[in-house]
Amino acid sequence: MSSPHAESHLPATQWTLIARLRHGDPQDAKRALDELISQYRYPLYCYLRRRGYQHSDADDILQDFLMKLLRNESFASADASKGRLRCMLHVSLERFVISWERANKHRRTEFSIEEDPAPGDSDIERRYQHENFQDHETPDQIFGRKWTLTLLGAALSRVGELYKARGREQLFKVLRPVLMDGGSLRGEQGPLLAEAAGMNYGALRTALMRMMADYQEALHQEILQTVEDPAAAKEEFAHLRQSVS
């Protein structure tokens, strides 16, 4: 998954999010939690909504759960999830939900009417309302798919920043849709994109191959942030591919 091109090297992550949450000093743990929330809040929210919670309850559960993370209490049973952030969060949230339901039985009703979310909370719910989930998709499946798409998006952002730093932001803008579509040029698309990038078609194909290598490396680095044991990265990559297949 790493890039063969010398110019493609991206900065490696020395501390995974897990390690920083569990073993870092309080300030670094707080920064790690902020990173976790910014990237992975939505997959967790989708999981809770798919379990049947309305927006207000899902938001309350998630807020309480993240506060518990901040106190470093939710990763105590790390062995069960083999040091993977995806599994750790999933298992920890499941257990937290059980405890929350016991303490808040009176709050959940099966067919209560959903109130409009408060203005400050509406973005995440509005995004959820635009999803086209299939009836057969379980909360676990949706969490896994949204987790994967979050990783892919983070890797894409890494590549965008890399090309901006190289002064090749226009090339990234031109090829970004191709990356998002699997990396293949189709029909007349190639010559048109080459013209937009200001290069000939052969040069564009070479640039796309290099960008794909950069993207694979960026994705590898994103995965390494979510595992404590780097050897697990290969299995996480396999899970990622299965989630979007």
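Residues numbered from 1 in each chain as written. Predicted model: local features only at pLDDT ≥ 70, side-chain atom pairs only at ≥ 80, totals over all residues. Heavy atoms only, no water.

Per an unreviewed UniProt entry, the recorded name for the chain is RNA polymerase sigma-70 factor (ECF subfamily), and the organism is Prosthecobacter algae.

Visitor: Sorry if this is basic, but what is going on with the overall build of the chain here?
Guide: Of the regular secondary structure elements, the chain holds 10 helices and zero strands. For the chain, the succession of helices and strands along the chain, N to C, is α-α-α-α-α-α-α-α-α-α. Looking at the chain residue by residue over its 245 residues, the buried ones come to 45%. Counted over contacts in the chain with a minimum sequence separation of 6, partners at least 24 positions apart contribute 70%. Accessible area of the chain: about 13,600 Å², with a carbon and sulfur share of 49%. (Helix = DSSP H or I, 4+ residues; strand = E, 2+ residues; numbered from the N terminus. Buried < 20%, exposed > 50% of the residue type's maximum accessible area, 1.4 Å probe, protein only. Contact = heavy atoms within 4.5 Å. Areas by Shrake-Rupley, 256 points an atom, 1.4 Å probe, with all protein chains shown as cover.)

Visitor: Can you help me understand the side chain of Ser92 in this one?
Guide: Following the sequence through the fold, Ser92 ends up in helix α4 (residues 85–103). A polar contact is formed between the side chain of Ser92 and the backbone oxygen of Met88, at a distance of 2.8 Å. (Polar contact = N/O pair within 3.5 Å; in protein donor to acceptor, adjacent residues only side chain to side chain.)

Visitor: In this structure, what is going on with the layout of surface pockets? I would like to understand it.
Guide: Remark: the empty space left among the atoms is shown by a probe the size of a water molecule rolled over them. Its volume calculated, the largest pocket comes out at about 270 Å³. Along its surface, the largest pocket is lined by Leu149, Leu152, Gly153, Leu156, Ser157, Phe172, Arg176, Leu179, Met180 and Tyr215. Of all elements in the fold, only α6 (139–165) and α7 (169–180) reach the threshold of two or more residues within the lining of the largest pocket. Looking at the lining of the largest pocket residue by residue, the class counts come to seven nonpolar, two polar and one charged. (1 Å grid on protein atoms, 1.4 Å probe; cavity = no way out; pocket = protein on both sides within 12 Å on 5 of 7 lines; lining within 4 Å. Points joined across faces, edges and corners; volume = space filled by probe spheres on them. Nonpolar A, V, L, I, M, F, W, Y, C, P; charged D, E, K, R; others polar.)

Visitor: Explanation requested: the packing of α6 against α7 in the structure shown.
Guide: Helix-helix packing: each pair is described by the crossing angle between the helix axes and the interaxial distance. Packing of α6 against α7 brings their axes to within 9 Å, and their N-to-C directions diverge by 160°. When the interaxial angle is binned, α6 and α7 end up roughly antiparallel. For α6 against α7, the interelement crossing comes out right-handed. On α7, the residues touching Leu156, Val159, Gly160, Tyr163 and Lys164 of α6 are Glu169, Leu171, Phe172, Arg176, Leu179 and Met180. Its residues placed into classes, the contact of α6 with α7 shows seven nonpolar, one polar and three charged. (Axes fitted to C-alpha atoms, helices over the stretch in contact; angles between N-to-C directions. Parallel < 35°, antiparallel > 145°, perpendicular 65-115°, else oblique. Left-handed = near helix turned anticlockwise from the far one by under 90°.)

Visitor: Explain the pattern of salt bridges here, please?
Guide: A side chain of one charge can pair with a side chain of the opposite charge when the charged atoms of the two come close. If you walk through the whole model with that rule in mind, you get 15 salt bridges. Residue Asp59 is joined to Arg41 by a salt bridge in which the shortest nitrogen-to-oxygen separation is 3.1 Å. Of this pair, Asp59 sits in helix α3 (residues 55–70) while Arg41 sits in helix α2 (residues 26–50); the two residues are 18 residues apart in sequence, bridging distant segments of the chain. As a salt-bridge pair, Arg84 and Glu235 come within 2.5 Å of each other at their nearest N and O atoms. A residue pair is termed long-range when its members are at least 10 positions apart, and Arg84 in the loop between α3 and α4 and Glu235 in helix α10 (residues 233–244) qualify at 151 residues. By relative accessible area, Arg84 is classed as buried at 9%. If you follow the salt bridges from partner to partner, you end up with Arg20, Asp28, Arg31 and Glu35 in one network. (Salt bridge = Lys/Arg side-chain N within 4 Å of Asp/Glu carboxyl O.)

Visitor: Hey, could you run me through the environment of Leu156 in this one?
Guide: Mapped onto the fold, Leu156 is located in helix α6. Judged by relative accessible area, Leu156 falls into the buried class, the value being 8%. Considered as a pair, Leu156 and Leu179 are 23 residues apart in the sequence and their alpha carbons are 8.3 Å apart. When near neighbours in sequence (up to four residues on either side) are disregarded, Leu156 contacts Phe172, Arg176, Leu179, Met180 and Tyr215.

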